[in-house]
Amino acid sequence: MTRTPLLTGCLLSLAVAGTCSASVGATHTPTTLSVDQVVDKNIAARGGLSAWRGVKTLTIAGELDAGGKPNHALPFVLKEKRSRKSRLEIVFADKTSLQVYDGIQGWKVRPFLNRNEVETYTSAEIKSAADEQDLDGPLVDYAAKGSQIAFVGIEAVEGHPAYKLKLTLKNGDKRNLWIDAGSFLELKMDGEPRKLDGRLHNVAVYFRDYKTEHGLTMPRLQETAVEGVKQTYKMTISRVAVNEPLDDSLFQKPQLTALAAPSAKKP
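The numbers attached to residues start from 1 for each chain and follow its sequence in the written order. The model is predicted, so local features are restricted to residues of pLDDT at least 70 and side-chain atom pairs to those at 80 or more, both for listing and for counting; the totals for chains, interfaces and linings are taken over all residues. Only heavy atoms go into the side-chain values, all of them from the structure, while hydrogens and water stay out.

On to the environment of Tyr101. Residue position: Tyr101 is located in strand β4 (residues 95-101). Among the residues examined, Tyr101 registers a relative accessible area of 3% and is labelled buried. Separated by 149 residues in the primary sequence, Tyr101 and Leu250 place their C-alpha atoms 9.5 Å from one another. Contacts are residue-level and defined by heavy atoms, with any inter-residue pair within 4.5 Å sufficient. Ignoring anything within four residues of it in the chain, the contact list for Tyr101 reads Arg84, Lys85, Ser86, Gly106, Tyr121, Ile126, Ala129, Ala130 and Phe251. By the criterion applied in these results, polar contacts are pairs of N or O atoms within 3.5 Å in which, for protein atoms, one can donate a hydrogen and the other can accept it, and in which residues neighboring in sequence qualify only through two side-chain atoms. Among the polar contacts made by the side chain of Tyr101, one reaches the main-chain carbonyl oxygen of Gly103 at a distance of 3.0 Å. The way it works is that DSSP assigns letters per residue, a run of H or I at least four long becomes a helix, a run of E at least two long becomes a strand, and they are numbered from the N terminus. To sort residues, take the accessible area from a 1.4 Å probe on protein chains only and compare it with the maximum for the residue type: under 20% means buried, over 50% means exposed, and anything in between is partly exposed.

Moving on, we get to the packing of aromatic side chains. Two aromatic rings, taken as a pair, are described by how far apart their centres are and by the angle between their planes. Aromatic rings from Phe, Tyr and Trp, with only the six-membered ring used for Trp, were paired whenever their centres fell within 6.5 Å, and each pair was classed as stacked if the ring planes differed by under 30 degrees, edge-to-face if by over 60, and tilted otherwise. By the definition in use, this model includes three aromatic pairs. Aromatic side chains Phe92 and Phe112 sit 6.4 Å apart centroid to centroid with 80° between the ring planes, which places their arrangement in the edge-to-face category. In this pair, Phe92 sits in strand β3 (residues 85-92) while Phe112 sits in the loop between β5 (106-110) and β6 (115-120), placing the two residues 20 residues apart along the sequence. An angle of 50° between the planes, with centres 6.2 Å apart, marks the rings of Phe151 and Tyr163 as tilted. Of this pair, Phe151 sits in strand β7 (residues 148-157) while Tyr163 sits in strand β8 (residues 160-168); the two residues are twelve residues apart in sequence, bridging distant segments of the chain. According to the relative accessible area criterion, Phe151 is partly exposed, its value standing at 32%. We classify Tyr163 as buried; its relative accessible area is 2%. One aromatic cluster is present, formed by Phe151, Tyr163 and Phe184 through successive ring pairs. Distance and angle both matter: a charge sits over a ring if NZ of Lys or CZ of Arg is within 6 Å of the ring centre and within 35 degrees of the ring normal. The residue whose ring lies beneath Lys41 is Phe184, and the NZ or CZ to ring-centre distance is 5.4 Å. Stacked on the ring of Trp178, the Lys or Arg Lys188 has its end atom at 4.5 Å from the ring centre.

Below, the structure written as structure tokens:
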């Protein structure tokens, strides 16, 4: 799983204005399973516990929808390193926007808003970054992360029978997650609600087009739908790198001179 809230939030702030075709799910009535059975089967379907625990860095690159008519797809690169370090670069109008979090502090550069300076994360942004899932997703070692999971029931997601789980995160936030009853891969997850037009709108993220690389099975397409907004936003992943060396300096306060030439080149 990628840091969907980070990417979705950047999409909506850019909005010049993120469902992986998982393998076809079961069509029969799913077997009743416990929470831990569903979690274990999901982790196994995604590559296994030891494989995910062995991931120290993860880099993904591709394109993000920016909205508009016609819609514009923007190249991006997301780099993650344990624990909870992240660097997101998006190229828009030949300029690189940037969000960096070092695990404690965060910074952003937003040239698309004509803000050619390094801005410090607000307290709300720091809280949001700190609350985001680690690079292995919300289910791997969930108890150690301080999360609780309850089984809600079985629901269909786009025609796929799915196990619906309710996650209560360490900070008290709650998210629903739907696991395909056939493939045991994620089909859908609640995103962080977005404030638009003065009120909060529910967000749903769908996962599609799973592929296996480096022993890990991950979605190559994520689609984000905001309640009350007709247009959805897609994130298409074209490159995945596991345990690529990422120096800690990448997650420190950025220097504007280093952003003169866009680094998130179109895949």
